[in-house]
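Survey of secondary and tertiary structure
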Amino acid sequence: MTDDKQSRDEKDGEQGPRQSDRKVEKTRDRTREDQAMSGDPSGQLGDLGEALETHDYPTTTDELVAAYGDYEIETQGGTESLEEVLAPTDNQTYDSADDVQGRILGLIHR
């Protein structure tokens, strides 16, 4: 039995459609996935996010609470002050606004 193109095509026809003929699945929109998740992408921190960007680093939890403790943050249960959000944490040191914002967002999304 010789293996020629015609016999391969006949076999393929018996086995069903070839991969190139299969229905193409819808692909996910990944246009934003390559962007780093920095800062406050959802805007939940409001004015606090802007204030944190201009703050001097490194800084500590206690320093942040002293400076911005009254700022209101949108949480899953409503709004809370920064002081309330950071209350369960120890006095940590943060090297950048991204560090602080990541910590805050992690706490409010529990």
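These notes cover the structure that comes with them.

Definitions and limits used
Residues numbered from 1 in each chain as written. Predicted model: local features only at pLDDT ≥ 70, side-chain atom pairs only at ≥ 80, totals over all residues. Heavy atoms only, no water. Phe/Tyr/Trp six-rings, centres within 6.5 Å; stacked < 30°, edge-to-face > 60°. Buried < 20%, exposed > 50% of the residue type's maximum accessible area, 1.4 Å probe, protein only. Patch = residues over 30% accessible without salt bridge, like charges linked within 9 Å, V, L, I, M, F, W, Y side chains within 5 Å. Areas by Shrake-Rupley, 256 points an atom, 1.4 Å probe, with all protein chains shown as cover. Salt bridge = Lys/Arg side-chain N within 4 Å of Asp/Glu carboxyl O. Lys, Arg positive; Asp, Glu negative; His and termini not counted. Charge placed at Lys NZ, Arg CZ, Asp CG, Glu CD. Helix = DSSP H or I, 4+ residues; strand = E, 2+ residues; numbered from the N terminus.

Quick word on the packing of aromatic side chains
Applying the stated criterion across every chain yields a total of one aromatic pair. Ring plane angle 75 degrees and centroid distance 5.6 Å describe the contact between Tyr68 and Tyr71, whose orientation is recorded as edge-to-face. Judged by its relative accessible area of 31%, Tyr71 falls in the partly exposed class.

So, a negative patch on the surface
A contiguous patch of negative charge, built from Asp47, Glu50, Glu53, Asp95, Asp98 and Asp99, is present on the exposed surface. Sorting the residues of the negative patch by element identifies α2 (47–54) and α5 (97–108) as the ones contributing at least two each. When residues of the negative patch are assigned to their parent elements, the largest contribution, three residues, is made by α2. Assignment of secondary structure puts Glu53 in helix α2. Relative accessible area serves as the criterion here: at 48%, Glu53 is assigned to the partly exposed category.

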